[in-house]
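Here is how the chains run, residue by residue.
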Amino acid sequence: MSVVIVGGNECMVRQYKDLCGEYKCKAKVYMKMNSEMKNMGTPDLIVLFTNTVSHKMIRCALNEAKGQNVKIARSHSSSIAALKMILEEHIL
């Protein structure tokens with residue numbers, strides 16, 4: 001299963017990826033808006049950390065998910081505990 005994380009804290013990228021690895025998921029993390037976001041592929045789950053990301057970046061991620069069978073999870077908090085709750089809810 002693949003997960004795309006949009007937003008979050010830059011110092012926690014490794015922890016986000018490690019936690020997704022514990023749930024047997026491959027993770028891509030986008031902290032800032034860049035051209036790679038337009039080619040994020042077809043993930044199974046998109047996690048939006050809404051407190052640490054711009055509206056433009058959220059719209060870009062949602063436009064990429066449009067027309068695909070992608071689950072979208074939003075969280076105001078960008079903590080490891082919040083990501084763990086999202087993964088438990090959507091993966092297990």
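Whatever comes next refers back to the structure up there.
What counts, and at which threshold
- Residues numbered from 1 in each chain as written.
- Predicted model: local features only at pLDDT ≥ 70, side-chain atom pairs only at ≥ 80, totals over all residues.
- Heavy atoms only, no water.
- Salt bridge = Lys/Arg side-chain N within 4 Å of Asp/Glu carboxyl O.
- Helix = DSSP H or I, 4+ residues; strand = E, 2+ residues; numbered from the N terminus.
- Buried < 20%, exposed > 50% of the residue type's maximum accessible area, 1.4 Å probe, protein only.
- Contact = heavy atoms within 4.5 Å.

Draft legend 1. Main features of the pattern of salt bridges. The final tally for this structure, using the stated rule, is 2 salt bridges. K32 is the partner of E10 in a salt bridge, and the nearest nitrogen-oxygen pair spans 3.5 Å. Here E10, found in the loop between β1 (2-6) and α1 (13-22), pairs with K32, found in the loop between β2 (26-30) and β3 (45-49); they are 22 residues apart in sequence, far enough to count as distant. Residues E10 and K32 agree in their burial class; the two are exposed. Where D18 meets R14, a salt bridge forms, and the shortest distance between an N and an O atom there is 3.3 Å. Of this pair, D18 and R14 both sit in helix α1, 4 residues apart, which is roughly one turn of that helix. For D18, a relative accessible area of 38% puts it in the partly exposed group.

Draft legend 2. The arrangement of the environment of L92 in detail. Position of L92 among the secondary structure elements: in the segment after α3 (80-90). We classify L92 as exposed; its relative accessible area is 74%. With 69 residues separating them in the primary sequence, L92 and Y23 have C-alpha atoms 8.5 Å apart. Those residues in contact with L92 that lie beyond four places of it in its chain are Y23 and L87.

Honestly, it's all geometry; don't read function into it.
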